[in-house]
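Listed below, chain by chain, are the residues.
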Amino acid sequence: MAAPSHDPTSTAAWSALLAHRDATTPDLRGWFDADPGRAERLTMDVADLHVDLSKNLVTDETLALLRDLAEQTGVTDRLQAMFAGEHINVTEDRAVLHTALRRPAGLDPLTVDGQDVDADVQAELAKVYEFARAVRSGEWTGATGQRITTVVNIGIGGSDLGPVMAYEALQAHRQAGLTCRFVSNIDPTDLAETTADLDPASTLFIVASKTFGTLETLTNARLARQWMWDGLAGEIEDSDAGRREAVARHFVAVSTALDKVADFGIDPDNAFGFWDWVGGRYSVDSAIGTSLAVAIGPERFAEFLAGFHAVDEHVRTTPLERNVPLLMGLLNVWYVNFLGAHTHAVLPYSQYLHRFPAYLQQLTMESNGKSVRWDGQPVTCDTGEVFWGEPGTNGQHAFYQLIHQGTRLIPADFVAFATPQHALTDGDTDVHALFMANFFAQTKALAFGKTAEEVRAEGTAEDVVPARVFPGNRPTTSIMAESLTPSVLGQLIALYEHITFAEGAVWGIDSFDQWGVELGKQLALQIAPALTGDDDALQSQDPSTKGLIGWYLAHRA
Ligand code: F6P
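Residues numbered from 1 in each chain as written. Predicted model: local features only at pLDDT ≥ 70, side-chain atom pairs only at ≥ 80, totals over all residues.

Trainee: I keep staring at the overall build of the protein and nothing clicks. Help me out?
Mentor: Per the secondary structure count, the protein includes 23 helices and 15 strands. Its C-alpha radius of gyration of 26 Å places the protein within 12% of the 24 Å reference for a compact globule of 557 residues. Principal-axis analysis of the C-alpha atoms places the extent of the protein at approximately 80 × 70 × 65 Å. Within the protein, the proportion of its 557 residues that are buried is 44%. For the protein, contacts bridging at least 24 residues in sequence account for 75% of all contacts bridging at least 6. (Helix = DSSP H or I, 4+ residues; strand = E, 2+ residues; numbered from the N terminus. Rg over C-alpha atoms; globule rule 2.2 N^0.38 Å. Buried ≥ 20, exposed ≤ 12 C-beta atoms within 10 Å, placed from the backbone. Contact = placed C-beta atoms within 7 Å.)

Here it is in structure tokens:
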């Protein structure tokens, strides 16, 4: 049965928001002056996250209209449907249950499509934890009996970005003497450089692929297997059995397709599973996070999951007025559809979070980069934003100029932590405090700017006054936590998962499929023979592609 029509632009709230937009001039200075309670009213806590929404370009009326839009587009009903395991991923006819991955043991059982979801999740987690403990303790050794000192995760997209981002973020919590590396790109440079200084005898590979059919991952896994066999030649038995035994000690897999794992030669006993109701970009909290579990240990990984769950409970039970993820999603809709924003910056004031913007790119853009709704109709409004960012303060010296004084509206989320992992001082100066001063200064400058009068008052020559004016009214959200613990990282990820959900629910798009990545994959497979001598494959290309391939063939060494 076709889904009922879902056109957000035909709701009364959408029309009211358009009229409200036309009647409202953003004025953060004026709004703060006139309303001393604004900051306190618009600052909300979700679990351990302290979120200040007050520097956004909204009034109480804007927020009320956005809540009307959420109600008229059924956002909370859809959220409850997701938690209950309904098949809200309509184009793949699947439940969307990443929230089940972090449900603590002992809740009322969740049964979906006949599956006891909680039992399966707990059983798989127990396997991951047992493996993590064995590697960390040295009980798990390589084929020559050496302790494992490096774990290399081979995966791409959701099977890479989550694990690498979380590993980098939680460096301070990893076991000394045990490091993780990550290979994703089919550019052979990636595997070659990543393994260049490694000893195969003490290296363990985790081949992470939901489908176990991804070209990049399987190619890299085969290269890694050959690298391991070559490196251990003379130390392992030179026979099929010897090579199989070496694979068993140096390769484990994570996948929903355990049959394909076995075909690759990895013992199913060394494979960790998950389920089709976990999207790749929502999977870092499944067995896909095994590298992280090894690095930080089962207890810390459990804290990581508990962080997700705390935000799940907030989003599931908190009324819209104080529901931080849903409000942040609605703010994004406001900027995209009513104020014309095309991009959204995420600016972590934490070097540990340097891969967080890249992680969010897949989460948000693969989820909401859609132009057809779940009812099968073309969308009638813009969807999705280009998410991007770099850690502060590096970004300040690179692209903040455009955010402060450019012509584009770029809403930005600033993320920071009160307590650093490294409390260094420069003479008498607390360096983290200096760092935080930058965090506070930037959102203040973006919100309130600097008027021509203020510039003149500094004695600036009149002809350069216009260039030195900061218009302000550049929207930001500040997100703070005490420190970057595993739980807080889980909370941050879940926050953005639910922001992404809220946007997609308003727009009426299936945030959980990703058909847009398929065409390029198909064409790459069709083009590959043209690069290795198949003239028919070459001649069948369009003139531009044929020309480019011809140039490549003529110039490659
Ligand atoms: O091509 C996109 C994609 O399907 C992502 O959604 C996914 O995270 C990635 O490829 C990797 O897929 P897999 O985990 O199946 O190897």
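Trainee: Explanation requested: the sheet that holds strand β10 (residues 343–349) in the structure shown.
Mentor: The pairing of strands in a sheet happens through backbone hydrogen bonds and is either parallel or antiparallel. Pairing is mixed in the open sheet, where six strands are placed in the order β1-β2-β15-β12-β10-β11. Every other strand in the sheet has two partners, leaving β1 (43–46) and β11 (386–388) as the edge strands with one partner each. Direction aside, neighbouring strands of the sheet carry axes that sit 20° apart on average. Strands β10 and β11 of the sheet are contacted by helix α15 (residues 356–368), whose axis makes an angle of about 165° with β11. (Pairing = 2+ DSSP bridges. Axes fitted to C-alpha atoms, helices over the stretch in contact; angles between N-to-C directions.)

Trainee: Help me out: how do you make sense of the packing of helix α9 (residues 215–231) against helix α10 (residues 240–250) in this one?
Mentor: Packed helix pairs are specified by the crossing angle of their axes together with the interaxial distance, meaning the distance between the axes. For the pair α9 and α10, interaxial distance at closest approach is 11 Å and the crossing angle is 115°. As summarised for this structure, α9 and α10 are arranged roughly perpendicular, according to the angle between their axes. Considering the relative orientation of α9 and α10, their crossing is right-handed. Packed against α9, whose contacting residues are Arg225, Met228 and Trp229, the element α10 presents Arg243, Ala246, Val247 and His250 at the interface. In terms of residue class, the contact of α9 with α10 is built from four nonpolar, one polar and two charged. (Parallel < 35°, antiparallel > 145°, perpendicular 65-115°, else oblique. Left-handed = near helix turned anticlockwise from the far one by under 90°. Nonpolar A, V, L, I, M, F, W, Y, C, P; charged D, E, K, R; others polar.)

Trainee: I would appreciate a short explanation of the domain arrangement of the protein in the present structure.
Mentor: When the parts come together, some accessible area is lost, and that loss is often what is quoted as the size of the interface. Each assigned domain of the protein is listed here: domain 1 (111–298) and domain 2 (515–555). The C-alpha-based centres of domain 1 and domain 2 are spaced at 32 Å. (Domains from an automatic or database assignment.)

Trainee: Quick question: what am I supposed to make of the site of the ligand here?
Mentor: Residues in contact with the ligand amount to 14 residues; listed here are only the nearest, Gly157, Gly158, Ser209, Thr214 and Gly280. For the shell around the ligand, a count of residues per class yields two nonpolar, nine polar and three charged. (Near = placed C-beta within 6 Å.)

Trainee: So what exactly am I meant to see when it comes to the UniProt feature "active site" (unreviewed entry) in the protein here?
Mentor: Under the UniProt annotation, "active site" (unreviewed entry) lies at Glu366, His397 and Lys521. Spanning 156 residues, the named residues are also spread out in space, since their farthest C-alpha pair is 37.2 Å apart. Here Glu366 is to be found in helix α15. Overall, Glu366 belongs to the buried group, with 22 C-beta atoms counted inside 10 Å. Excluding residues within four positions of it along the chain, Glu366 makes contact with Arg281 and Gln514. When the 9 C-beta atoms within 10 Å are taken as the criterion, His397 is described as exposed. (UniProt positions renumbered as here; feature names shortened; annotations may be inferred.)

Trainee: Help me understand the confidence of the model for the protein, please; the structure alone is not making it clear to me.
Mentor: Low-pLDDT portions of the prediction should not be read for the details of their coordinates. Overall, the predicted model of the protein reaches an average pLDDT of 97, with 100% of residues at or above 70. Complex prediction metrics read pTM 0.97 and ipTM 0.98. (pLDDT = per-residue confidence, 0-100.)

Trainee: Would you explain the sheet that holds strand β9 (residues 271–273) in this entry?
Mentor: Taken together, the five strands give an open sheet; going across it, the order is β6-β5-β7-β8-β9, and neighbouring strands pair in parallel fashion. Each edge of the open sheet is held by one strand with a lone partner, namely β6 (179–183) and β9. Pairwise comparison of adjacent strand axes, ignoring direction, gives a mean angle of 20° for this sheet. Of the strand pairs in this sheet, strand β7 (residues 203–208) and strand β8 (residues 251–255) are connected by four bridges, and their pairing is parallel. Note on β8: the bridge partner recorded for Ile206 is Val252. Packing against the sheet, helix α6 (residues 117–137) makes contact with β7, β8 and β9, and its axis sits at approximately 145° to β9.

Trainee: I tried to follow the environment of Ile527 on my own but got confused; where do I start?
Mentor: Topologically, Ile527 is positioned in helix α21 (residues 518–527). You can call Ile527 partly exposed: it has 16 C-beta atoms within 10 Å. C-alpha separation for the pair Ile527 and Thr545, spaced 18 residues apart in sequence, amounts to 9.4 Å.

Trainee: In this structure, what is going on with the pairing of β10? I would like to understand it.
Mentor: One face of the sheet, then the other: side chains in a regular strand alternate in exactly this way. β10 sits mainly inside the fold: six of its seven residues count as buried. Judged from the three bridges that link them, β10 and β11 form a sheet pairing that is parallel. Its bridge partner being in β11, His344 is matched across the sheet by Phe387. Note that the unit made of β10, α15 and β11 has a crossover that is right-handed. Note that β10 and strand β12 (residues 412–417) share five bridges and pair parallel. Considered in β12, the bridge of Val346 is made with Asp413. (Right-handed = clockwise from strand over helix to strand, strands pointing away.)

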